[in-house]
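Here are the chains, one letter per residue:
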Amino acid sequence: HLFAAGETSKAILREIADTKPSVVMLDMIRLAGLVEDIRLVSANSRVIVDMDDRLSDRYRQMRRGGERNLLGSYAAKTPSLLKRIAGIAPALLLGLEARLTANAEARAARQADAVVLVSPREARNYHTDFARTGLEVVAIPPSVEKAVVARRDFSHGIRFVFLGNANYAPNAQALRY
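Residues numbered from 1 in each chain as written. Predicted model: local features only at pLDDT ≥ 70, side-chain atom pairs only at ≥ 80, totals over all residues. Heavy atoms only, no water.

Novice: Where do I start with the nonpolar core in this structure?
Specialist: Considering soluble globular proteins, one finds that nonpolar side chains tend to be buried as a cluster. Core analysis: the largest hydrophobic core is formed by 23 residues, its most contacted members being Leu26, Ile38, Val49, Met51 and Tyr126. Not counting residues within four places of it along the chain, the set of residues in contact with Ile38 comprises Leu13, Ile16, Val24, Leu26, Ala43 and Val47. (Core = buried A, V, L, I, M, F, W, Y, C linked by side-chain atoms within 4.5 Å. Buried < 20%, exposed > 50% of the residue type's maximum accessible area, 1.4 Å probe, protein only. Contact = heavy atoms within 4.5 Å.)

What follows is the structure, encoded as structure tokens:
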């Protein structure tokens, strides 16, 4: 919401209008709503939406899996009324968020010049779901190689440190694993 609302988005659009960049890359599907406004202020800019993942699929998976912790790292800053709603109706909220995100993904397919995803499988699926002439869908995997970890015997105990946000669902899942 920081980039897509109020004075901030106006300032961003003014900067784009002034600089007329060759490429505007939007980092996150939640910013795809800016594509149309960017086209108005800089018609010749190539607009790329870097989604990372198809969040609509993630939300559907979370809903099917019975996810209960929807707020994650945002819980501390969420008003108590919204916390209660999130605790009472996670399936409803995940369904709503999945639909909203799916709409944003469809809008990006209609309006952007290119879409970037991390997973080659998700990129193929996205291209299939939203095939249109001129839409480029690219998979760019993380640039950090997977490290080969030597097997170790932890039967006598393990010392473990995690620096990060354990309330973020992918981190929590990885820690449980």
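What follows continues from the structure just given.
Novice: Help me out: how do you make sense of the packing of aromatic side chains in this one?
Specialist: Two numbers describe a pair of aromatic rings. These are the distance of the centres and the angle of the planes. All chains considered together, the criterion is met by one aromatic pair. Judged by centre distance (4.8 Å) and plane angle (50°), the rings of Tyr126 and Phe130 are tilted. According to the relative accessible area criterion, Tyr126 is buried, its value standing at 0%. (Phe/Tyr/Trp six-rings, centres within 6.5 Å; stacked < 30°, edge-to-face > 60°.)

Novice: Can you walk me through the sheet that holds strand E3 (residues 114-117) in this structure?
Specialist: Adjacent strands of a sheet form backbone hydrogen bonds with each other and so pair up, either parallel or antiparallel. The sheet built from four strands is open, its strands ordered E1-E2-E3-E4 with parallel pairing. Two strands close off the open sheet at either side, each with one partner strand: strand E1 (23-27) and strand E4 (136-139). Across this sheet, the average inter-strand angle for adjacent strands is 20°, counted without regard to direction. The strands touched by helix H6 (residues 120-129) within the sheet are strand E2 (46-52), E3 and E4, with E4 carrying the most contacts at an inclination of about 165°. (Pairing = 2+ DSSP bridges. Helix = DSSP H or I, 4+ residues; strand = E, 2+ residues; numbered from the N terminus. Axes fitted to C-alpha atoms, helices over the stretch in contact; angles between N-to-C directions.)

Novice: Even after reading the chapter, I still don't get the side chain of Thr78, so can you show me in this structure?
Specialist: Within the element layout of this structure, Thr78 appears in the loop between helix H3 (55-64) and helix H4 (80-88). Note on Thr78: relative accessible area 13%, which makes it buried. In this view, Thr78 contacts Leu71 and Lys83; residues no more than four positions away in its chain are not counted.

Novice: Help me understand helix H5 (residues 90-111) in this model?
Specialist: Given 3.6 residues per turn, any residue in an α-helix points the same way as the ones three and four places further on. Over its 22 residues, H5 extends 31 Å from the first C-alpha to the last, a length consistent with the 32 Å expected when each residue adds 1.5 Å. Along H5, the positions that sit buried rather than exposed are Pro90, Leu94, Gly95, Ala98, Thr101, Ala102, Ala104, Glu105, Ala106, Ala108 and Ala109. Those residues of H5 that are buried lie in contact with E2, H3, H4, E3 and H6. (Expected span 1.5 Å × (residues − 1).)

Novice: Sorry if this is basic, but what is going on with a nonpolar patch on the surface here?
Specialist: A cluster of nonpolar side chains, namely Leu81, Leu82 and Ile85, defines an oily patch on the protein surface of about 270 Å² accessible area. For Leu81, the location among the structural elements is in helix H4. The exposed category is assigned to Leu81, whose relative accessible area is 51%. (Patch = residues over 30% accessible without salt bridge, like charges linked within 9 Å, V, L, I, M, F, W, Y side chains within 5 Å. Areas by Shrake-Rupley, 256 points an atom, 1.4 Å probe, with all protein chains shown as cover. Salt bridge = Lys/Arg side-chain N within 4 Å of Asp/Glu carboxyl O.)

Novice: Please explain the side chain of Ser56 as it appears in this structure.
Specialist: By the element assignment, Ser56 lies in helix H3. The exposure class of Ser56 is buried, given its relative accessible area of 1%. Excluding anything up to four places from it in sequence, Ser56 contacts Ala98, Thr101, Ala102 and Glu105.

Novice: Hey, could you run me through the pairing of E1 in this one?
Specialist: A regular strand places its side chains on the two faces of the sheet in alternate fashion. Residue alternation in E1 divides its side chains into a buried set, Val24 and Leu26, and an unburied set, Val23, Met25 and Asp27. The β-α-β motif built from E1, the intervening helix H2 (residues 35-41) and the parallel element E2 has right-handed crossover chirality. (Right-handed = clockwise from strand over helix to strand, strands pointing away.)

Fair warning: the whole summary comes from geometry, so function is off the table for now.
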